[in-house]
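A structural walkthrough
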Amino acid sequence: MSHQVLARKWRPGKFSEMVGQNHVRQALINGLDHDRLHHAFLFTGTRGVGKTTIARIFAKSLNCLHGVSSEPCGECEACVAIDEGRFVDLIEVDAASRTGVDDMRELLENVQYAPASGRFKVYLIDEVHMLSTHSFNALLKTLEEPPPHVKFLLATTDPQKLPVTVLSRCLQFHLKRLDLHQIQGQLEKILQAENVEHDGESLRLIARAADGSLRDALSLLDQAIAFGAGRLEAEQVADMLGTVKQAFIAQLLEALMSRDAASLLAVVEELAAHAPDYAATLDALNLTLHRIAVAQLAGVVDETLPEAEQIHHWAQQLAPEQVQLLYQLGLHARRDLPHAPDGRSGLEMALLRMQLFQLDDEETARPAPAAPRPTATDAAAKSPPVAAAEEEPPAAISGLEPPDNAEQWQALVKVLPLSGPARQLARFSQLRERADDHWYLELPVDHDYLMGEAHQSRLQETLQQALARPVHLHVRLAENSSSETVEAAADSGPVPVEEHPVVKAVQEKLGGQVLPETIEPGEPAPGTN
């Protein structure tokens, strides 16, 4: 017996067997069960979501020998003939190959004749938007006044190309893309029935690559089974799909966090050895940033992901605004990638831009010491707890005294060796009171995301080390305070252009020079105090 591809073998034969599309199924089921049937139906949606499948099930429901119902028997002569594609009264037309007006006229000449064996004569026209203008005109009259024994089922991926005169004569149903869980669940069901060994991550990779199309997912599943000699493993499926391994994404993020351009470029060089899809690399990086943002602001992480622990770690280490900025830069880079000289240079430029725009103040403007380049093995390993990942607090700084007011607090913050969320917590807070070793800070409500214990602990440890004395921080939200008032309190006048941290960083990296005679007064530069 010849092999039958999964997309055909597992094609639904009943409405109840379809995955998703409940809004369409329920409307058709109610119409069939209550004998409220229109003469023309238009099914729209992207490829592989079930447009022609649902049309064929509908044709079976109309012509089942046991009567019109939403549950065709699937066993009578009419149902079997429709499943096998040999039912005389189901006329399937590929509009892409029969676009001419003569083809349409020939097709419609037989509309007036009664069905040969079925209850209804059903015309299923796929990719109907490919018909010519004259063909639509020929079809229009029949759509307007069809014989009672005729039903038209139209399917298209591009309904905008249909004339409004045709659209107005059809009941329209839009089939949605299937989500990852729907596709993955169906793949799991099929593989269990087919007795194919697999793991969850391989199905997740296939479901994501299918991009909402179950038919594409089944085609990829067939390919993966053949590629893996009858079994599915995540690493093999990733190689087949050309998916960028999460280990490389982890290395890129770690290099971005350490602000190490040399390490960034080294990771890209290693990645290039695997002939990657650079657009897919940016997509994977953006997807990871999205997961980090969701973890930070909604506290939600898919714990089934292999990198779930890393997501938690990065969510603690990166500021939410920084994640949003990196994501936006990644989206712009993805859009501009086709215009880059080549994929690799486009990716490198995007990553360097991400690093440059992390410079938010004097501390972060200074390049961090270069960290040893992480290996793929290191990045794939589970990330250590946040406390273990923090650097040791620096030694005491001579000449520092505990502040007694908000102005002294802001002056102290400027010299504290802090970075990331802990520094933001210090910058946006105000000192309201200090009683011996107990310091009482107020944080504006629009920065409540900085209230995490890890950030407070880091700030407290840094203060203790810098001042060489015990410090007990008490941070609360100030309902009547906002970040604008804190920034105003910390304002100490404009910074000269040549002293601006971004300008200094550009000079260091590119060897630039500031020409005072070219500077014109204008709006304050972003990030100036």
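Within every chain, residues take consecutive numbers counted from 1 along the sequence as written. At least 70 in pLDDT is required for a residue's local features to be given in this predicted model, at least 80 for side-chain atom pairs to be given and counted, and no such filter applies to totals for whole chains, interfaces and linings, which use all residues. Excluded from the side-chain calculations are hydrogens and water; all other atoms, namely the structure's heavy atoms, are used.

Let's talk about the nonpolar core
- Throughout this description, the term nonpolar core refers to a set of buried Ala, Val, Leu, Ile, Met, Phe, Trp, Tyr and Cys residues connected via side-chain atoms within 4.5 Å. Only protein chains enter the accessibility calculation, which uses a 1.4 Å probe. A residue is then buried if its area is under 20% of the maximum for its type, exposed if over 50%, and partly exposed in between. Formed by 38 residues in total, the largest nonpolar core has its most connected members in Ile292 and Leu351.
- For this core, the secondary-structure elements that each account for two or more residues are helix 12 (246-257), helix 13 (261-272), helix 14 (278-298), helix 15 (308-317), helix 16 (320-336) and helix 17 (343-356).
- Numbering goes from the N terminus for both helices and strands, where a helix is a DSSP run of H or I of at least four residues and a strand is a run of E of at least two. Ranked by residues supplied to this core, first place goes to helix 14 with 9 residues.
- Excluding residues that lie within four positions of it along the chain, leucine 351 makes contacts with Leu252, Leu256, Leu264, Val268 and Leu285.
- Counting 28 residues, the second largest nonpolar core, distinct from the first, contains Phe15, Ile54, Cys64 and Phe120. In this description, contact between two residues means that some pair of their heavy atoms is separated by no more than 4.5 Å.

Some thoughts on the packing of helix 13 against helix 17
- In this analysis an axis means a line fitted to C-alpha atoms, helices contributing only their contacting stretch, and an angle means the value between N-to-C directions, from 0 to 180 degrees. Two elements in contact, helix 13 and helix 17, have axes separated by 10 Å at closest approach and are oriented at 155°. One element, helix 13, and the other, helix 17, form an angle in the roughly antiparallel class. The interaxial crossing formed by helix 13 with helix 17 has right-handed handedness. Between helix 13 and helix 17, the residues in contact are Ala261, Leu264, Leu265, Val268, Glu269, Leu271 and Ala272 and Arg344, Leu347, Glu348, Leu351, Leu352 and Gln355, respectively.
- When residues are grouped by polarity, Ala, Val, Leu, Ile, Met, Phe, Trp, Tyr, Cys and Pro land in nonpolar, Asp, Glu, Lys and Arg in charged, and all others, Gly among them, in polar. When grouped by side-chain class, the residues that make up the contact of helix 13 with helix 17 number 9 nonpolar, 1 polar and 3 charged. Angle categories are assigned with fixed cut-offs, so that under 35 degrees is roughly parallel, over 145 is roughly antiparallel, 65 to 115 is roughly perpendicular, and the rest are oblique. It is the rotation of the near helix from the far one that decides the hand of a crossing: anticlockwise by less than a right angle makes it left-handed, clockwise makes it right-handed.

A look at the sheet that holds strand 5 (residues 171-174)
- When DSSP finds two or more bridges between two strands, those strands count as paired. Sheet architecture is open: 5 strands sit in the order 2-3-4-1-5, paired in parallel fashion. The open sheet has two free edges, formed respectively by strand 2 (90-94) and strand 5, since each of these has just one partner strand. Going across the sheet, the axis of each strand differs from the next one's by a mean of 15°, ignoring polarity.
- Summarising the sheet, strand 3 (residues 121-126) and strand 4 (residues 150-156) pair through 6 bridges and their orientation is parallel. Following the sheet pairing, aspartate 126 is matched in strand 4 by alanine 155.
- Helix-sheet contacts for helix 3 (residues 51-63) involve strand 1 (40-44), strand 2, strand 3 and strand 4, and the interaxial angle to strand 3 is about 180°.

Quick look at the confidence of the model for the chain
- Averaged over every residue, the pLDDT of the chain is 81; residues scoring 70 or more account for 83%.
- The predictor's confidence in any single residue is recorded as pLDDT, a number from 0 to 100. Low confidence marks residues 488-495, where pLDDT is under 50. Its contacts with residues over four positions away, or in another chain, come to 8 contacts.

Brief notes about the pattern of salt bridges
- Any Lys or Arg side-chain nitrogen found within 4 Å of a carboxyl oxygen on Asp or Glu counts as a salt bridge. In this structure the tally under the stated criterion is 21 salt bridges.
- Notably, a salt bridge pairs arginine 204 with glutamate 201, separated by 3.1 Å at the nearest N-O pair. Separated by 3 residues within a single helix, arginine 204 and glutamate 201 lie in helix 9 (residues 200-210), roughly one turn from each other.
- Judged by its relative accessible area of 14%, arginine 204 is buried.
- Between glutamate 348 and arginine 344 there is a salt bridge; the shortest N-O distance is 3.2 Å. Of the two residues, glutamate 348 and arginine 344 both sit in helix 17, 4 residues apart, roughly one turn of that helix.
- For glutamate 348, a relative accessible area of 19% gives the class buried.
- On the accessibility criterion, arginine 344 (30% relative accessible area) is partly exposed.
- Put simply, Glu197, Arg231 and Glu233 are held in one network by salt bridges that share partners.

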